[in-house]
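Fold and geometry: a report
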Amino acid sequence: MSRSVSQHALPIRAEDDVVLVRRKVRELADRLGFSSFAAAAITTATSELARNAWVHGGGGDAIVEEVERLGQRGIRVTFTDEGPGIADLSRAMEGGFSTVRSLGLGLSGSRRLVDEMELDTAPGQGTRVVIVKWKRL
Amino acid sequence: MVYQHLTARLRFDEAELRSRREFFELHDEDLARLARLRPFAEKYMDDIVESLYELILGHAESRRHFPDQATIRHVKQAQREYFLGLFAGRCDLAYVDDRLRIGLAHERVGVPPKLYIGAYARYLRLIFDRLLHEFESREEFHAAQQSIEKLVAFDMAIAMDTYIAAFVDSLERHQAAVRELSTPVIQIHDRILLLPLVGTVDTQRAQQVMERVLMAVVEHQARIIIIDIAGVAVVDTKVADHLLKTTEAVRLLGARTVLTGISPTVAKTIVQLGLNISAMHTRNRLADGLKLAMTLVDRPAAGMADDALVSDVGGDQ
Amino acid sequence: MRDHPIPILRVGKTLLVTIQIELRDTVADAFQEDILSEIERMGAPGLVIDISGLDTVDSYVARVLVDTGQMARLMGTEAVLVGMRPEVAATLVRMGFQTRGLRTALNVDEGLALLGELLGRG
């Protein structure tokens, strides 16, 4: 079980909000002493998923958390939107990299950048994505 | 361990302080009671510190941490200050800060927790023995005793945290050192680097190798990095895929990778993977790879005709 | 020039663009258009885009950068992306981002040298 040490709720209602969420995650990664590679990975994944919530979900919310598990520090980001949801999840996770605003690119790419990813979606039910990146010992 | 690392790791803020004081039941009235005991503390300070060091210096193992008279004088003085600090009537972040520094000092000179806790036990006995004669009422003595115990327990918890944090810190540094040793990047020529890869390559190590290679290329502004995989125990499709990813990342930086130590088996694996080999610079022998690197190094950067073929690797579907 | 602070400089016949601010999607789009119109205006044979100031490049921005290079090439301008940070390269590769025939160099000097070679020092 991981314990939430601190929490920041941020809205994703505009393009600038995507930047703010990304920046918050970057700040936290730097403060926790993530390696520059791990910091870039979690920041980039955040950017992809925040954009998904904004572009495909019609806006949503992000919760940026510092988490702790057995003395290990990590970052957890939860994205929720009330958008149309994802109908063909397996296809989205395969990650087609052909179109500029492809949904799959954000999802599949992000999954390869983080330690844990949890996805909860259904057509018409919105989407909830949780990602976690741990600081490597 | 340096102080900044310790505080960054422990993240001792107002919320944490509140939470701890609550659990240790360390209330403002305890602190006020301790402040009222200040005259008592001043009166017995020298007596208690001297007696404490009789135990510490009379024990062979403990004695070793205090090599000379100057050190002993110094720690005794620090001890007097610590003692008076217990009766200062405060327990705020500045107090915690002071305790963290003390804990770090103990950790640094290698005082193990057992000696630390043992010394504390005598410390309390010394204080309580003298405290007993200070009060006429049993209740007052008990109240004072409890307040002291609470604050001392609070201090000991901080000391334990310091030990653990320092231990984890040294583990991390050790791991980093092992990582460095397992991927030694050598500059073998102006703008040519060599990474001889030896042993087992799993996903985690492959990731470390990629990061180290990329950092080294930028740090040295190298045009070419030779990765010699002759010493890698097993090059399966997974390892081959990692190597290709590293090659691609190096190309993004504007440099080239030359892969050497490609055995017949490895060559088979790569071809069976269906990887585009026209974009790869590979050789069987390291010496040949070095020759190849020497011919490539004078041309600026990557992105030339040969590398443009990368567009055929998978490409965009 | 629009209201985004990405200067486009001329070094000889080459255009040099140094990106030092975090790119929002719309800024990236505007940046692409500005470069293309500058190429049209100047007819520059070479373009160097320096991204050493970027600590994060997500798939959207990466796509804009790669596309800009391709579009410039279609217009007859060789483009080189220089100064990509190690963290950015690792992240893009891990995501599985395809960079097609993107030309890259370690830094601005190398980028200019590469263009010099590509364009036959003309």
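Refer to the structure above for everything that follows.
The notes below deal with the structure included here. (Residues numbered from 1 in each chain as written. Chains lettered and ligands numbered in written order. Predicted model: local features only at pLDDT ≥ 70, side-chain atom pairs only at ≥ 80, totals over all residues. Heavy atoms only, no water.)

Here's the deal with the overall build of chain A
Note the following rule: Only DSSP runs of H or I reaching four residues or more are called helices, and only runs of E reaching two or more are called strands; each is numbered from the N terminus. Partly exposed residues are those whose accessible area sits between 20% and 50% of the maximum for their type, while under 20% is buried and over 50% is exposed, using a 1.4 Å probe and protein chains only. For this analysis, residues touch if any pair of their heavy atoms sits within 4.5 Å.
What chain A contains, in helices and strands, is four helices and five strands. A burial count over chain A gives 54% of its 137 residues as buried. Put simply, of all contacts in chain A between residues at least 6 apart along the chain, 66% involve residues at least 24 apart.

A closer look at helix H2 (residues 36-55) of chain A
For clarity, the cut-off: Expected helix span is computed as 1.5 Å times (number of residues minus one).
For H2 of chain A, which comprises 20 residues, the first-to-last C-alpha distance of 28 Å matches the rise-based estimate of 28 Å (1.5 Å per residue) to within 8%. Taking burial as the measure, the 20 residues of H2 of chain A include 17 buried ones, the bulk of the element.

Some thoughts on unusual backbone geometry
Note: most residues except glycine have negative phi, and most peptide bonds are trans. Residue and element names in this part refer to chain B. Phi angles above zero are rare outside glycine, and glutamate 25 is one such case at about 55°. Relative to the assigned elements, glutamate 25 resides in the loop between helix H2 (14-23) and helix H3 (28-36). Despite not being glycine, arginine 191 has its phi angle at roughly 70°, a positive value. Mapped onto the secondary structure, arginine 191 falls in the loop between strand E1 (186-189) and strand E2 (192-199).

So, the sheet that holds strand E1 (residues 8-11) of chain C
Residue and element names in this part refer to chain C. We apply this condition: By definition, two strands form a pair when at least two bridges between them are found by DSSP. Think of each axis as a best-fit line through the C-alpha atoms, taken over the contacting stretch in the case of a helix, with angles from 0 to 180 degrees between the N-to-C directions.
The five strands are arranged E1-E2-E3-E4-E5 in an open sheet whose pairing can be described as mixed. With partners counted over all chains shown, the strands left at the sheet margins are E1 and strand E5 (104-105), one partner each. Across four bridges, E1 lies against strand E2 (residues 14-18) in antiparallel orientation. By the bridge assignment, arginine 10 is partnered in E2 with leucine 15. Across the sheet, helix H2 (residues 59-74) is in contact with strand E3 (46-50) and strand E4 (78-82); its angle to E4 comes to roughly 155°. Sheet strands touched by helix H4 (residues 108-118): E1, E2, E3, E4 and E5. Its angle to E4, the strand with the most contacts, is close to 160°.

Describing the interface of chain B and chain A
Here is the rule: Note: buried area is the sum, over both parts, of the accessible area (probe 1.4 Å) each one loses when the two are combined. Note on definitions: salt bridges are taken to be side-chain nitrogens of Lys or Arg within 4 Å of carboxyl oxygens of Asp or Glu. Pairs of N or O atoms are called polar contacts if they sit within 3.5 Å, as long as, within protein, a hydrogen donor faces a hydrogen acceptor (for residues adjacent in sequence, only side-chain-to-side-chain pairs).
In this assembly, 15 residues from chain B lie in contact with 10 residues from chain A. For the chain B and chain A pair, buried surface summed over both sides reaches about 1,200 Å², with 45% attributable to carbon and sulfur atoms. Linking chain B to chain A there are one salt bridge. Salt-bridge contacts for glutamate 211 of chain B lead to arginine 136 of chain A; the nearest nitrogen and oxygen are separated by 3.6 Å. Between chain B and chain A we count zero residue pairs in polar contact (both at pLDDT 80 or more) in total.

Examining the nonpolar core
Quick reminder of the rule: Residues belong to one nonpolar core when they are buried, are Ala, Val, Leu, Ile, Met, Phe, Trp, Tyr or Cys, and are joined through side-chain atoms within 4.5 Å.
Core analysis: the largest hydrophobic core is formed by 71 residues, its most contacted members being Ile229 of chain B together with Ile19 of chain C. When residues of this core are assigned to their parent elements, the largest contribution, eight residues, is made by helix H11 (residues 237-253) of chain B. In contact with isoleucine 19 of chain C, not counting residues within four places along its chain, are Ile6, Phe31, Ile49, Asp50, Ile51, Gly53, Leu54 and Leu65 of chain C. One finds Tyr44, Cys91, Phe135 and Phe154 of chain B within the second-largest nonpolar core, a separate group that totals 53 residues.

Comments concerning the sheet that holds strand E4 (residues 116-121) of chain A
All names here are of chain A. Pairing within the open sheet is antiparallel, and its five strands lie in the order E1-E2-E3-E5-E4. In this open sheet, the two edge strands, each paired with only one partner strand, are strand E1 (3-12) and E4. Adjacent strand axes in the sheet meet at a mean angle of 15°, parallel and antiparallel pairs treated alike. Strands in contact with H2 are E1, strand E2 (60-69), strand E3 (72-81), E4 and strand E5 (127-134); relative to E5, the strand with the most contacts, it is inclined by about 175°.

Looking at the pairing of E4 of chain C
A regular strand carries its side chains on alternate faces of the sheet. Residues and elements named next belong to chain C. The line we're drawing: By the criterion used throughout, a crossover qualifies as right-handed when its path from the first strand across the helix to the second strand runs clockwise, the strands pointing away from the viewer.
Taking burial as the measure, the five residues of E4 include five buried ones, the bulk of the element. Both faces of E4 are covered, namely the face carrying Glu78, Val80 and Val82 and the face carrying Ala79 and Leu81. As judged from the five bridges shared by E3 and E4, these two strands associate in the parallel manner. For glycine 46, the partnering residue across the bridge sits in E4 and is glutamate 78. Handedness of the crossover joining E3 and E4 through H2 is recorded here as right-handed. Across two bridges, the pairing between E4 and E5 is parallel. Paired with leucine 81 across the strands is threonine 104, a residue of E5.

What about the pairing of E5 of chain A?
Extensive coverage of E5 of chain A is indicated by the burial of seven of its eight residues. In sequence, E4 of chain A turns back onto E5 of chain A through a hairpin of five residues, with glycine 124 of chain A there showing a positive phi of about 80°.

Here's the deal with the pattern of salt bridges
Enumeration according to the criterion identifies 45 salt bridges over all chains in this entry. Taking the shortest distance from any N to any O, the salt bridge between arginine 191 of chain B and glutamate 110 of chain C comes out at 2.9 Å. Of the two residues, arginine 191 of chain B sits in the loop between E1 and E2 while glutamate 110 of chain C sits in helix H4, which places them in two different chains. Grouping residues by exposure puts arginine 191 of chain B and glutamate 110 of chain C together as buried. Two residues, arginine 94 of chain C and glutamate 211 of chain B, come together in a salt bridge whose shortest N-O distance is 3.2 Å. Of this pair, arginine 94 of chain C sits in helix H3 (residues 86-95) while glutamate 211 of chain B sits in helix H10 (residues 203-220), which puts the two residues in different chains.

Some points on the layout of surface pockets
A probe matching the size of a water molecule, rolled over the atoms, marks out where space remains unfilled. All names here are of chain B. Threshold: Method remark: on a 1 Å grid restricted to protein atoms, a set of points is classed as a cavity if a 1.4 Å probe fits but cannot get out and as a pocket if it is open with protein on both sides within 12 Å along at least five of seven lines; lining residues have an atom within 4 Å of a point. Grid points are joined across faces, edges and corners, and a volume is the space filled by probe spheres set on the points. Side-chain classes follow a simple rule in which Ala, Val, Leu, Ile, Met, Phe, Trp, Tyr, Cys and Pro form the nonpolar group, Asp, Glu, Lys and Arg form the charged group, and the remainder, Gly included, forms the polar group.
Considered as a void within the structure, the second largest pocket measures approximately 900 Å³ in volume. Lining the second largest pocket are 31 residues, and of these Tyr53, Val75, Gln79, Ile102 and His106 sit closest to its centre. Of all the secondary structure elements, the ones that give two or more residues to the lining of the second largest pocket are helix H4 (38-57), helix H6 (69-86), helix H7 (93-108) and helix H8 (113-132). By residue number, the principal contributor to the lining of the second largest pocket is H6, which donates eight residues. Its residues assigned to classes, the lining of the second largest pocket comprises 17 nonpolar, nine polar and five charged.

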